[in-house]
Amino acid sequence: IRLTEAGRIFHEQATRILASTEQLRRSMKRLSASEKRRFVVGFVASIVYGMMPEVIREFRAQSEGLEIQLLEMTTLEQVVALKDGRIDAGLGRIRIDDPAIQREVLQEEALIAAIGSADPLARADSLTLSDLMTRKLLVYPSQPRPSYADQVFTILRDHGLAHDNVEEVRDVQVALGLVASEAGLALVPSSMRHVQRSDITYVRIRDEGATSPIILSVRVGDISREVRLFEQIARHTFRS
């Protein structure tokens, strides 16, 4: 039996195609093995001053070979990024209802007053929200909304207070800079005490309900090992 000329050409080409396919398969296998798995966490700026670094350290220690990326973004941006698949988990402060997002409050963090150290109010051991109404109130962020600023306004309304001297600023760093400049005071999460400056004093707020939640957000139905581990570590760290 002898191949025809057409058969010979077909055999040669088929052999080359099969060899190329096998080479492609091996190349893709090597590429997949060399690619690092990645886990992306979105976070709001104020959370980084509290327990979040401990969560990330422990998650990294228990996730060998996993590349962990941190992106600062508002809670609203985290929701969009989760739905788009750009992040795997979010740590925020705003309660945003979305059927595609699973939310869990990890902690209700007490608020404190950040006051310029030269202000007589800075000498108090503790203050009430009504004590702050005689000073300009600095709130943040100004955009996008809803934001932590709206949480502060809601807390004041819940306590029957309406402040008529408010300045909205871009972020917490600007707010603290203006506090240090004696341009007003700010209500900030208690973890902001770690931002130490000689010209800012932090004073406890006595009113009940003067808190801001720390909220973990993930995609509904995401049952990956990495997400479950991150949830477990976050719960243990923030609640211990």
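These notes cover the structure that comes with them. (Residues numbered from 1 in each chain as written. Predicted model: local features only at pLDDT ≥ 70, side-chain atom pairs only at ≥ 80, totals over all residues. Heavy atoms only, no water.)

On to the overall build of the protein. A tally of regular secondary structure across the protein gives 6 helices and 10 strands. Against the globule reference of 18 Å for 240 residues, the protein gives a C-alpha radius of gyration of 27 Å, more extended than a compact globule. Overall, the C-alpha framework of the protein stretches about 105 × 30 × 30 Å when taken along its three principal axes. Split into buried and exposed, the 240 residues of the protein put 43% on the buried side. Taking as baseline every contact in the protein between residues at least 6 positions apart, the subset at least 24 positions apart corresponds to 77%. Of the roughly 13400 Å² of accessible surface on the protein, 52% is carried by carbon and sulfur atoms. (Helix = DSSP H or I, 4+ residues; strand = E, 2+ residues; numbered from the N terminus. Rg over C-alpha atoms; globule rule 2.2 N^0.38 Å. Buried < 20%, exposed > 50% of the residue type's maximum accessible area, 1.4 Å probe, protein only. Contact = heavy atoms within 4.5 Å. Areas by Shrake-Rupley, 256 points an atom, 1.4 Å probe, with all protein chains shown as cover.)

Its location among the elements puts Gly 90 in strand β3 (residues 89-92). Among the residues examined, Gly 90 registers a relative accessible area of 0% and is labelled buried. A C-alpha to C-alpha distance of 5.7 Å links Gly 90 and Leu 216, two positions 126 residues apart in sequence. In this view, Gly 90 contacts Gly 42, Gln 78, Ile 215, Leu 216 and Ser 217; residues no more than four positions away in its chain are not counted.

Of all the residues in helix α3 (residues 75-84), the buried ones are Thr 75, Gln 78, Val 79, Ala 81 and Leu 82. At its buried positions, α3 is contacted by β1 (37-43), β3, β4 (101-116) and β10 (211-219). Downstream of α3 by a residue or two, Gly 85 has a phi angle that is positive, lying close to 80°.

A few words on the nonpolar core. In terms of nonpolar packing, the biggest core is built from 39 residues, with Ile 115, Leu 129, Leu 132, Leu 176, Val 188, Tyr 202 and Ile 205 touching the most fellow members. Put simply, the parts of the chain that give this core at least two residues each are β4, β6 (137-139), α4 (148-158), α5 (172-180), β8 (185-189) and β9 (200-205). Among the elements that make up this core, the one with the highest residue count is α4 (6 residues). Contacts of Val 188, omitting those with residues within four sequence positions, involve Ala 110, Leu 111, Ile 112, Ala 114, Tyr 140, Tyr 148 and Tyr 202. Counting 23 residues, the second-largest nonpolar core is a separate cluster that includes Met 52, Leu 91, Leu 106 and Val 218. (Core = buried A, V, L, I, M, F, W, Y, C linked by side-chain atoms within 4.5 Å.)

What follows covers the pattern of salt bridges. Within the structure shown, the criterion is met by 18 salt bridges. Here Arg 235 and Glu 104 are joined by a salt bridge, their closest N and O atoms 2.7 Å apart. Of this pair, Arg 235 sits in helix α6 (residues 225-239) while Glu 104 sits in strand β4; the two residues are 131 residues apart in sequence, bridging distant segments of the chain. Taking relative accessible area as the criterion, Arg 235 reaches 28% and is therefore assigned partly exposed. On the basis of relative accessibility, which here comes to 17%, the residue Glu 104 falls in the buried class. (Salt bridge = Lys/Arg side-chain N within 4 Å of Asp/Glu carboxyl O.)

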